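Residues per chain are reported as follows:
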Amino acid sequence: MSRRWIQNPNRCADEYLDGIDDFIEFARRHNSGATRIRCPCRRCNNTLFESIETVGFHLVRNGMIETYSIWNLHGEQVDHASSSNAPRVDNVEPIVDPNDQVMGIIQDAFPFASTNINQEGEDDVPTPIDSAEFEQYEKLLKNANQELYPGCESFSVLTAIVELMHGKIKYRMSNLCFDYFLGVFKRMLPTDNCLPKDHKHAQKVLHGLGLGYEKIHACKNNCMLFYKEHETLDTCPICNESRFKMTSQNRTTKIPQKVMRYLPLKPRLQRLYMSMHTATDMRWHKEKRVDDDVMRHPADGEAWKEFDRTFPEFAADPRNVRLGLATDGFNPYGVLNQHHSTWPIFAFPYNLPPWKCMKKEYMMMTVLITEDPGRSIDVYLRPLVDELKDLWTNGVRTYDKSTGRMFTLRAAVMWTVNDFPAYAMVSGWSTKGYMACPVCKEDVTSGWHAGKVCYLGHRRWLPWDHEWREKYKEFDGNTERRLRPREWSGDEILEQLNRLDFAPFGKTVSRTRPSTHLNWTHKPMFFELPYWSKLKLRHNLDVMHVEKNVFDTLVGTILDIEGKTKDTIKAVLIWKEWAYEGVYG
């Protein structure tokens, strides 16, 4: 029986699905009575035991290990005489020298530090190396070659630190716990060992690998950042609030009132091309994606295709990165009676295949805000938008490990993904009040009922000949003859925003909004991106929040859960009021 289906990248193809059925039947036949078998998907890697139904689901979602063509771990007998040259798959990881792994990390971080790589392979001019970057490379190389203690051949200083830091992150160890065990290990080793004494010194050794962050001071009232032309100021020019806290005069260092963490995007995008496998996967959307009008990936959507038609020069190189931005607030302490919230902003590279682009390994946190910024989120987006403009206009020189050449990497944000309250923050259109719908805008149908704003007129979106358009008793007492609201283009929205005069950002600024502003609260900073007004889809609603709210409402009403059901006395009275207005109004 041919098992070429394992190599098929289209996991929705009939050949692949039939192959999975054959594998499940094979596993049932050779493991009779067993309720759990090894899962050969790419994620479980034959190391985890799952139910047979779950294994089938994993194979569709994750794909089977491409080299697992002989199902010896599921009962297939291997003829050693005839298959001596066949690849053998074990359930144990290959033994790799950790020192070699660390040297591989250094080579990935500094791919052209020790070799001369030509620009695009077209001339003989070596790639220039920044002196500071080469100094970091030499420091890392020194720690990679230095023994942990005299006579130790298994671990170098850098290898030991990488292994310990990996364990800290994998098992979510706190800094205090890590400091304690690091001190214990240091006392266990010979007295002349070179192991760092705490987490802070270990981080200094790894600092040369890059992927650090910048601390940018912010105004206490969210008016502005002390950034670029305002970097040297000590007071906010809008609210005159001091940049630093009041401390004793004997203190030598000044403490800022508020700090934003910014993680530069360029080195993280460059790092995606420093691994052979990741660099290949970054072209998946163009080279391996199956284009059969089935929606499996953002590249199958109309918004992606419209972007390619509008900007063919950008779309010509599949290595250019398409990004999505997402943000939401959460309480990092898990205490409900505290109103503090932290707002991270994440970037997602959509070039990767669907089974990778949403994994946490590829989520890039770009901004960390220490409180709810409200409409002032644009203040904190300034460094990110500046970098995105440069990535679109100039790009950044990047080494592609899969081709061994340098290229100019460009990037574009395709859309944002948020829940409805955060939608208002990033889009500039308030999602509260009588004009809360960001699609209908001023053409929304809304009214005041039972102490809250209700949004009616949903039948406008139905087909023109739909029977519900003629019914009036079941709805608001009127037949629906109107067409659906028209769709505003990005250029029309930008033109409208340019005519409005918005107040500065900050907590001290009055929030009174003129009627001419409709529901606009501010002009989003994303419109500074040259391509933003041309996008077909700029903002998305997070499916997770929508599904949860709808599910809670339906289940709470069906099961009559106290506090969750919508079938209350008040709701019945409102329904009767509407029914009366529909008949007699």
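The coordinates are above.
Bear in mind that the values here come from a model prediction, so they are computed numbers and not experimental data. (Residues numbered from 1 in each chain as written. Predicted model: local features only at pLDDT ≥ 70, side-chain atom pairs only at ≥ 80, totals over all residues. Heavy atoms only, no water.)

A. Representation of the sheet that holds strand β7 (residues 364-369). Strand order in this open sheet of 7 strands is β3-β4-β7-β6-β5-β10-β13, and the pairing throughout is mixed. With one partner strand each, in any of the chains shown, β3 (214-218) and β13 (539-541) form the two edges of the open sheet. Adjacent strand axes in the sheet meet at a mean angle of 25° when their direction is disregarded. Bridge count for strand β10 (residues 411-418) against β13 is 3 bridges, and the pairing is parallel. Bridge pairing links T416 to H539 in β13. Relative to the sheet, helix α11 (residues 302-310) contacts β5 (321-327) and β10, its axis offset from that of β10 by approximately 155°. This element, helix α14 (residues 420-427), spans β5, β6 (343-349), β10 and β13 of the sheet and lies at about 170° to β13. (Pairing = 2+ DSSP bridges. Helix = DSSP H or I, 4+ residues; strand = E, 2+ residues; numbered from the N terminus. Axes fitted to C-alpha atoms, helices over the stretch in contact; angles between N-to-C directions. Contact = heavy atoms within 4.5 Å.)

B. Structural view of the side chain of T431. Relative to the helices and strands, T431 resides in the loop between α14 and β11 (445-449). A distance of 3.4 Å separates a polar atom in the side chain of T431 from the backbone oxygen of F420. Beyond its immediate chain neighbours, meaning those up to four positions away, T431 contacts F420, P421, Y423, A424 and A436. (Polar contact = N/O pair within 3.5 Å; in protein donor to acceptor, adjacent residues only side chain to side chain.)

C. Representation of a positive patch on the surface in the model. A grouping of R43, R61, R172 and K360 is seen on the molecular surface, where their side chains present a positively charged patch. In this fold, R61 is placed in helix α2 (residues 52-62). (Patch = residues over 30% accessible without salt bridge, like charges linked within 9 Å, V, L, I, M, F, W, Y side chains within 5 Å. Areas by Shrake-Rupley, 256 points an atom, 1.4 Å probe, with all protein chains shown as cover. Salt bridge = Lys/Arg side-chain N within 4 Å of Asp/Glu carboxyl O. Lys, Arg positive; Asp, Glu negative; His and termini not counted. Charge placed at Lys NZ, Arg CZ, Asp CG, Glu CD.)

D. Expanded view of the packing of aromatic side chains. Counted under the stated rule, the structure contains 19 aromatic pairs. Feature note: the residues W5, Y16, F23, F26 and W71 constitute an aromatic cluster, connected by ring pairs. Taking NZ or CZ as reference, R11 lies 4.0 Å from the ring centre of W355, over its face. Of note, K441 hangs over the ring of W429, and the distance from its end group to the ring centre comes to 5.5 Å. (Phe/Tyr/Trp six-rings, centres within 6.5 Å; stacked < 30°, edge-to-face > 60°. Lys NZ or Arg CZ within 6 Å of the ring centre and 35° of its normal.)

E. Representation of the pattern of salt bridges in the model. Taken as a whole, this structure holds 28 salt bridges when the rule is applied. D386 is the partner of R382 in a salt bridge, and the nearest nitrogen-oxygen pair spans 2.8 Å. Placement of both R382 and D386 in helix α13 (residues 377-393) is noted, with a separation of 4 residues, approximately one turn of the helix. Here R382 makes a salt bridge to E528, at a shortest N to O gap of 2.9 Å. Taken together, the residues R382 in helix α13 and E528 in the loop between α15 (490-498) and β13 connect sequence positions 146 residues apart. Taking the relative accessible area as the measure of exposure, R382 reaches 22% and is therefore partly exposed. Assessed through its relative accessible area of 35%, E528 is described here as partly exposed. (Buried < 20%, exposed > 50% of the residue type's maximum accessible area, 1.4 Å probe, protein only.)

F. How the structure looks around α14. Most of α14 is tucked away: 6 of the 8 residues are buried. Looking at the buried positions of α14, the neighbouring elements they touch are β5, β6, α13, β10 and β13. Structurally, the start of α14 carries an N-cap: the backbone nitrogen of A422 is 3.1 Å from a side-chain oxygen of D419. Looking one or two residues past α14, G428 carries a phi angle of roughly 85°, positive in sign.

G. Representation of the side chain of H297 in the model. Within the secondary structure, H297 is located in the loop between α10 (284-287) and α11. Within the local environment of H297, its side chain forms a polar contact with the backbone oxygen of L352, the two atoms lying 2.9 Å apart. In contact with H297, other than residues within four places in its own chain, are W284, H285, W304, Y350, L352, P353 and P354.

H. Region of interest: a nonpolar patch on the surface. A surface patch of nonpolar side chains, amounting to about 720 Å² of accessible area, comprises F420, L541, V546, V550, L554, I558, L559 and I561. The greatest single-element share of the nonpolar patch, amounting to 4 residues, is contributed by helix α16 (residues 543-558). Note on placement: I558 falls in helix α16. Judged by relative accessible area, I558 falls into the exposed class, the value being 68%.

I. Representation of the nonpolar core in the model. Formed by 66 residues in total, the largest nonpolar core has its most connected members in L265, L269, F307, L384 and Y531. Here the element with the most residues in this core is α13; it accounts for 9 residues. Not counting chain neighbours up to four residues away, the residues in contact with Y531 comprise F307, F311, W392, A411, A412 and V413. (Core = buried A, V, L, I, M, F, W, Y, C linked by side-chain atoms within 4.5 Å.)

J. Quick look at the packing of helix α5 (residues 157-170) against helix α6 (residues 175-188). The interhelical angle for the contact between α5 and α6, taken along N-to-C directions, is 145°, at an axis separation of 11 Å. α6 is crossed by α5, and the crossing has right-handed handedness. Of the residues in α6, those in contact with L164, M165 and K168 of α5 are N175, F178, L182 and F185. For the contact of α5 with α6, the class distribution of residues is 5 nonpolar, 1 polar and 1 charged. (Left-handed = near helix turned anticlockwise from the far one by under 90°. Nonpolar A, V, L, I, M, F, W, Y, C, P; charged D, E, K, R; others polar.)

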